[in-house]
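So the chains spell out like this:
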Amino acid sequence: MKKFKKIHTGGLLLLLLTVSTAFTTSPPVDLKKEVTALLRKQVLKEAQWALEQQPITVTSDSSIRSSGGKHDFFSEADYFWPDPNNPEGPYIERDGLTNPDNFVAHRKSMIRFSNVIGALASAYQLTGDEKYVKHALLHLKAWFIDPQTLMNPNLLYAQAVKGKHKGRNYGIIDTIHLMEVAQGILLLEKSKAFKKETAKEIKKWFSEYTEWLNTSKPGLQEKAIKNNHSTCWAMQVASFAKLCGDNEMLDAMRLRYKTVLLPTQMAANGSFPLELSRTKPYGYSIFNLDAMVMLCQILSTPEDNLWTYKAKEGQSIKTGIAYLFPFVKHKNEWPFKQDVMYWNNWPVAQPFLLFGANVFKQNSWYLTWKSLDHDPKVEEVIRNLPIRHPLIWL
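Quick look at the structure, then.

What counts, and at which threshold
- Residues numbered from 1 in each chain as written.
- Predicted model: local features only at pLDDT ≥ 70, side-chain atom pairs only at ≥ 80, totals over all residues.
- Heavy atoms only, no water.
- Helix = DSSP H or I, 4+ residues; strand = E, 2+ residues; numbered from the N terminus.
- Rg over C-alpha atoms; globule rule 2.2 N^0.38 Å.
- Buried < 20%, exposed > 50% of the residue type's maximum accessible area, 1.4 Å probe, protein only.
- Contact = heavy atoms within 4.5 Å.
- Areas by Shrake-Rupley, 256 points an atom, 1.4 Å probe, with all protein chains shown as cover.
- Lys, Arg positive; Asp, Glu negative; His and termini not counted.
- Charge placed at Lys NZ, Arg CZ, Asp CG, Glu CD.
- Core = buried A, V, L, I, M, F, W, Y, C linked by side-chain atoms within 4.5 Å.
- Salt bridge = Lys/Arg side-chain N within 4 Å of Asp/Glu carboxyl O.
- 1 Å grid on protein atoms, 1.4 Å probe; cavity = no way out; pocket = protein on both sides within 12 Å on 5 of 7 lines; lining within 4 Å.
- Points joined across faces, edges and corners; volume = space filled by probe spheres on them.
- Nonpolar A, V, L, I, M, F, W, Y, C, P; charged D, E, K, R; others polar.
- Disulfide = S-S within 2.5 Å.
- Axes fitted to C-alpha atoms, helices over the stretch in contact; angles between N-to-C directions.
- Left-handed = near helix turned anticlockwise from the far one by under 90°.
- Phe/Tyr/Trp six-rings, centres within 6.5 Å; stacked < 30°, edge-to-face > 60°.

## Describing the overall build of the protein
In step 1: Scanning the protein for helices and strands turns up 15 helices and four strands.
In step 2: Computed over C-alpha atoms, the radius of gyration of the protein comes to 22 Å, within 12% of the 21 Å expected from 2.2 N^0.38 for 394 residues, which places it in the range of a compact globule.
In step 3: Principal axes of the C-alpha set define a box for the protein whose edges measure 80 × 55 × 40 Å.
In step 4: Counting over 394 residues, the protein shows a buried share of 55%.
In step 5: Within the protein, contacts between residues separated by at least 24 positions form 75% of all contacts whose residues are at least 6 apart in sequence.
In step 6: As presented, the protein carries roughly 18,300 Å² of accessible surface, and 54% of it is formed by carbon and sulfur atoms.
In step 7: In the protein, the 49 positive side-chain charges and the 38 negative ones have mean positions that sit 7 Å from each other.

## Structural notes on the nonpolar core
In step 1: Ranked by internal contacts, the top residues of the largest apolar core, which has 111 residues, are Leu140, Phe144 and Phe206.
In step 2: The greatest single-element share of this core, amounting to 13 residues, is contributed by helix H11 (residues 281-299).
In step 3: Leaving out residues up to four positions away in the same chain, Phe206 has contacts with Phe144, Leu178, Val181, Ala182, Ile185, Phe240, Leu243 and Cys244.

## Observations regarding the pattern of salt bridges
In step 1: All chains considered together, the criterion is met by 14 salt bridges.
In step 2: A salt bridge links Asp95 to Arg278, with the nearest nitrogen and oxygen atoms 3.3 Å apart. Taken together, the positions of Asp95 in the loop between strand E3 (92-93) and helix H3 (105-127) and Arg278 in the loop between helix H10 (273-276) and H11 put the pair 183 residues apart, joining distant regions of the chain.
In step 3: Looking at Asp95, the relative accessible area reads 27%, which means it is partly exposed.

## Concerning the environment of Tyr124
In step 1: Turning to its location among the elements, Tyr124 is positioned in helix H3.
In step 2: Tyr124 sits in the buried class, given a relative accessible area of 14%.
In step 3: As for Tyr124 and Pro376, which are separated by 252 residues in sequence, their C-alpha atoms are 23 Å apart.
In step 4: Once you skip the residues sitting within four places of it in the chain, Tyr124 turns out to touch Asp129, Glu130, Tyr132, Val133, Leu187, Leu188, Lys190 and Ser191.

## Considerations on empty space enclosed by the protein
In step 1: Per the stated rule, a full pass over the model turns up three cavities of 30 Å³ or more.
In step 2: Looking at the largest cavity, its volume works out to about 170 Å³.
In step 3: The wall of the largest cavity is formed by 19 residues, among which Trp369, His374, Arg388, His389 and Pro390 lie closest to the centre.
In step 4: Going through the elements one at a time, helix H2 (31-51) and helix H13 (351-360) are the ones with two or more residues in the lining of the largest cavity.
In step 5: Of the residues that constitute the lining of the largest cavity, the class distribution is eleven nonpolar, five polar and three charged.
In step 6: In terms of lining residues, the second largest cavity is bounded by Lys280, Gly283, Tyr284, Phe287, Asp339, Met341, Tyr342, Trp346, Glu380 and Asn384.
In step 7: Here the lining of the second largest cavity gets three residues from one element, more than from any other, and that element is H11.
In step 8: Taken together, the residues that form the lining of the second largest cavity break down as five nonpolar, two polar and three charged.

## Considerations on unusual backbone geometry
In step 1: Cis rather than trans, the peptide bond between Trp346 and Pro347 has omega equal to -5°.
In step 2: With a phi angle near 65°, Tyr342 is a residue other than glycine that sits in the positive phi range.
In step 3: By the element assignment, Tyr342 lies in the loop between helix H12 (317-329) and H13.
In step 4: Backbone geometry at Lys361 places phi at a positive 55°, although glycine is not the residue there.

## Here we look at the state of the cysteines
In step 1: Overall, the coordinates contain zero disulfides when judged by the stated rule.
In step 2: Cys244 takes part in no disulfide bond, and the closest cysteine sulfur to it belongs to Cys232, at a distance of 19 Å.
In step 3: For Cys244, a relative accessible area of 25% gives the class partly exposed.
In step 4: Not part of a disulfide, Cys296 finds its nearest cysteine sulfur in Cys232, a span of 14 Å.

## Things to note about the packing of helix H6 (residues 196-215) against helix H8 (residues 228-244)
In step 1: One way to put it is that H6 packs onto H8 with a least axis distance of 9 Å and a crossing angle of 145°. When the axes of H6 and H8 are compared, the crossing they make is left-handed. On H8, the residues that touch Lys203, Phe206, Ser207, Tyr209, Thr210, Leu213 and Asn214 of H6 are Trp233, Gln236, Val237, Phe240, Leu243 and Cys244.
In step 2: The residue inventory of the contact of H6 with H8, partitioned by class, reads eight nonpolar, four polar and one charged.

## A few points about the packing of aromatic side chains
In step 1: According to the stated counting rule, one finds 19 aromatic pairs in the structure shown.
In step 2: Judged by centre distance (5.7 Å) and plane angle (75°), the rings of Tyr323 and Phe327 are edge-to-face. Of this pair, Tyr323 and Phe327 are both found in helix H12, four residues apart, which corresponds to roughly one turn of the helix.
In step 3: For Tyr323, a relative accessible area of 17% corresponds to the buried category.
In step 4: By relative accessible area, Phe327 is classed as buried at 13%.
In step 5: Among the aromatic residues, those joined into a cluster by ring pairs are Phe113, Trp143, Phe144, Trp205, Phe206, Tyr209, Trp212 and Phe240.

The quantities given are spatial measurements derived from coordinates; they are silent on function.
Right, here's the structure in full:
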């Protein structure tokens, strides 16, 4: 490369610096094309795996500790353990410490279902091959239509606690993994193989579940929680309402993001104080930011752009990303205590990095996302990573 003579003219030098900076700070012009090329091999590999899977729904496993029936989703609260002083008595809480002996088979089946549909929808988007749609329909019908295998549209028995609760509102967070199912359906239903009547029946399930989230005692309790649980409640409602074309509900979630979630959870500097006060401040901060970013991704319109919205103290989704990004890029600079579990397993390819980079044209965010793990295997990471198939969201 030729060497250029030093230029002393201030204006021209500033211009050259500006051009140089533009090339180093802006992500690819067509980010979706870049990400598609990056993930294509992985997507097709995952889709091939998905084509080999048969449906496994909540009716495939059961627990004697469940108070529900065959079609009811059941899980047990992660952080509750047997009491050493009363082994047969009610469980006691150990916040942040996951009990590996709790029943989570239904949750695992739902995560598997999410992976199947996410992979098949991604591959269909890439190739247009209807074999992916036809196989996805087997799973969708099993979960939402077939009376022998479907899941009831409620979470009355999620995150139960032995000796204390048959189910808790906190368990509603388990269905964040239905978001990529809902988003996948939006793509898959464009196929001729996806009959309108089938789509109508599936959307009826999501509509009933959305109504339950907004009217049941557990749903309203979860909505009122002040940390990541209420963010994830809104994120789910937004995703399912988008699938069902429920514009009134979408408007309600936009208003909730602007008047409740953003101003009450994010500090002026972009941090989440309620997450920082917990036993896993790093993982929960990442998780909550991912959820807020997905609300912006799902809900933003040209007329009501949540990406650019600022609360009274100036906090915005960009503030949140800018605050957390340095600690994702350089984890050793995290100024707070380390998480009590899974500290070494974060971060992975977090959605907030990709979608934030796409909107705000931040190349450093994109390059960091690109460099991180796109196929995590640790169950706790996957549990807190509802968006694992980004192509269907871009």
